Every structure is written in structure tokens, then in C-alpha cells.
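Notes for the structure review
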Amino acid sequence: MPGADAAEAILDAALVELERHGFRKLALDDVARRAGVSRTTIYRRFANRDELVGAVIERENVALFADIARELSEAKRAEPQSNYYVEAFTLSIMRFRRHRVLNQMIIDDPALTQEMLHRHYGAAVERMAAALLVIFPDGFAERIGAPAVNDLADTILRYAAMVLLLPSMQPLQTADEVRAFATRHFLPSLPAALRSVSA
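Read on for a plain summary of the structure. (Residues numbered from 1 in each chain as written. Predicted model: local features only at pLDDT ≥ 70, side-chain atom pairs only at ≥ 80, totals over all residues. Heavy atoms only, no water.)

**Quick word on the overall build of the protein**
Rules: In DSSP terms, a helix is any run of H or I states spanning at least four residues, a strand is any run of E spanning at least two, and both are numbered starting from the N terminus. Buried, partly exposed and exposed residues are distinguished by accessible area as a fraction of the type maximum, computed with a 1.4 Å probe on protein chains only: under 20%, between the cut-offs, and over 50%, respectively. Residue contacts are counted whenever heavy atoms from the two residues lie within 4.5 Å of one another. In short, Shrake-Rupley with a 1.4 Å probe defines the accessible areas, and a residue's cover is counted only from the protein chains shown.
Secondary structure assignment for the protein yields 11 helices and 0 strands. Listed by position from the N terminus, the elements making up the protein come as α-α-α-α-α-α-α-α-α-α-α. With the C-alpha coordinates of the protein rotated into their principal frame, the extents come out at 55 × 40 × 30 Å. Put simply, the protein has 199 residues, and 45% of those count as buried. In the protein, of all internal contacts separated by at least 6 residues, the share reaching a separation of at least 24 is 72%. Just so you have it, the protein exposes about 10400 Å², and 54% of that area is on carbon and sulfur atoms.

**Focus on the pattern of salt bridges**
In plain terms, the rule: Salt bridges are counted wherever a side-chain nitrogen of Lys or Arg sits within 4 Å of a carboxyl oxygen of Asp or Glu.
Counting across every chain of the model gives 17 salt bridges. One salt bridge in this structure joins D12 and R59, with 2.8 Å as the shortest N-O distance. With D12 in helix α1 (residues 3-21) and R59 in helix α4 (residues 49-78), this residue pair connects regions lying 47 residues apart in the sequence. Linked by salt bridges that have partners in common, E8, D12, R59 and E60 make up one network.

**Here we look at the packing of aromatic side chains**
In this description, a pair of aromatic rings is defined by centroid distance and the angle of the planes. Which entries qualify depends on this criterion: A pair of Phe, Tyr and Trp rings is counted when the ring centres sit within 6.5 Å of each other, with Trp represented by its six-membered ring. The angle between the planes then sorts it: under 30 degrees is stacked, over 60 is edge-to-face, the rest tilted.
One pass over the full model with this rule turns up 3 aromatic pairs. Taking 6.1 Å as the distance between ring centres and 25° as the angle between the ring planes, the aromatic pair formed by F89 and F181 counts as stacked. Of this pair, F89 sits in helix α5 (residues 84-98) while F181 sits in helix α10 (residues 175-186), placing them 92 residues apart in sequence. Its relative accessible area of 0% is what places F89 among the buried residues. By relative accessible area, which is 7% here, F181 ends up buried. Linked through ring pairs, F89, Y159, F181 and F186 together constitute an aromatic cluster.

**Considerations on helix α7 (residues 110-135)**
Cut-off, in case you're wondering: In a helix, the anticipated span is given by 1.5 Å times the number of residues less one. Note that bend, as reported per residue, equals the angle between axes fitted to the 7 residues terminating at that residue and the 7 residues originating from it.
In this model, α7 (26 residues) spans only 30 Å end to end at C-alpha, well below the 38 Å of a helix rising 1.5 Å per residue. Its maximal kink placed at H120, α7 deviates by approximately 70°.

**A look at the side chain of R127**
Checked against the element boundaries, R127 lands in helix α7. Since its relative accessible area comes to 11%, R127 is described here as buried. Dropping the residues within four chain positions of it, R127 is found in contact with E58, N61, V62 and F65.

**Some remarks on the environment of I68**
Within the element layout of this structure, I68 appears in helix α4. Considering only alpha carbons, one finds I68 and I42, 26 residues apart in sequence, at a separation of 30 Å. Contact partners of I68, with chain neighbours within four places excluded, come to L91, S92 and R95.

**Focus: helix α2 (residues 28-35)**
Going by this rule: By definition, the arc is the one covered by directions from the helix axis to the C-beta atoms.
Restricting attention to buried positions, one finds in α2 the residues L28, V31, A32 and A35. Axial view of α2: buried residues confined to an arc of 100°, hence all on one face. Phi turns positive one or two residues past the end of α2, at G36, with a value near 75°.

The values are spatial; any link to function lies outside them.
In C-alpha cells, the structure reads:
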């Protein structure tokens, strides 16, 4: 099996094993068996179990952010929303909760989630910034500049972590509930120049 194909097969197998057994009980023997490779092949591509788990999370996050950006772009064209940020925040939370592995990690092991956030936060900010560039109106990112885009990406991720990891006195399960939270708490935290951007 060529290198890139083996790496993808390993990541696919690890994803299935994570779904079945969770992050803490992931066994490399099971991943190797499912991928049709040896443990040695896994170790040639990933230094250890943590690196493999990080690679799975990274790959799933990249796909998730790309899906969110695509969905927001399509929604922007089909039916303008009241505010990009509220809609982006709401969709991000709802899509993350539907992701079978990432959401399960938050539910089953919030400490591991925080550990992974610490380890991969810079990459997450970069992915969120790239998604924002897709959904912003033409020329808007250039007007506000890269530092403002990165600050916004950081703010979105911090508020998302709050909604996903912390208990709430108010229900935050439906899209309307998350949208109301974003309108009431997240949107006012943004600089005035950003708050006024609508579809």
C-alpha cells in the first residue's frame, strides 16, 4: 500500500475505532487490523498514539470547517441571513454537535478535549480564519486586515468552546437557542466595525 494510501487507511480505521471505543480506549492493534496494515506501518506514519489521534481530529476538523464554509456560502446566496457571525457561530455549533467523533469526545472526555484544544489551537484558529474568508462579502477581509480576521476567528472559537464545554442556565440545544445566545452574548463582544456586517 503506497504511503499516502496507507496513511488515509490508518486515519479511516482510527476514526471508526474512535467511534466504537472512544479516545481513551483506542487500541493501535485494532486500528492496524481494520486498516489492513501492521503496527509498524502505523508507527512509520505516526510517532505514537497521541499523534495518530491528533491527525484524526485535524482531518475531521478540516472537513468540518470546509463543510461549514460551503454551507454558509450557499445559504448566503440562497437566503440572506441577518448577520454572518451569528449564523456562522450557530452553524458551527450545530454541525460540531452532529459530528459523531468530535462531539463524543466533548461528552465523554472534556479533559481530553481541553488538552487537544491546547495542542492544536493555532491550527484551529487558522481553519476558522480560512472559513471566514470564504463567507465574508467580497473585499471585506482586505478592508479589516488579517489581524482582525484572526482575532475574530479566535473569538468565535473561544465562545464555541464555552457553549460546547460549559453547562448553561439556559437551554442551548436547538439552532434557535444557539442563535439567541450568539445574538445576546457573542455578537456584542465583537468590535462595532465587525458587528454591522450582514449578508
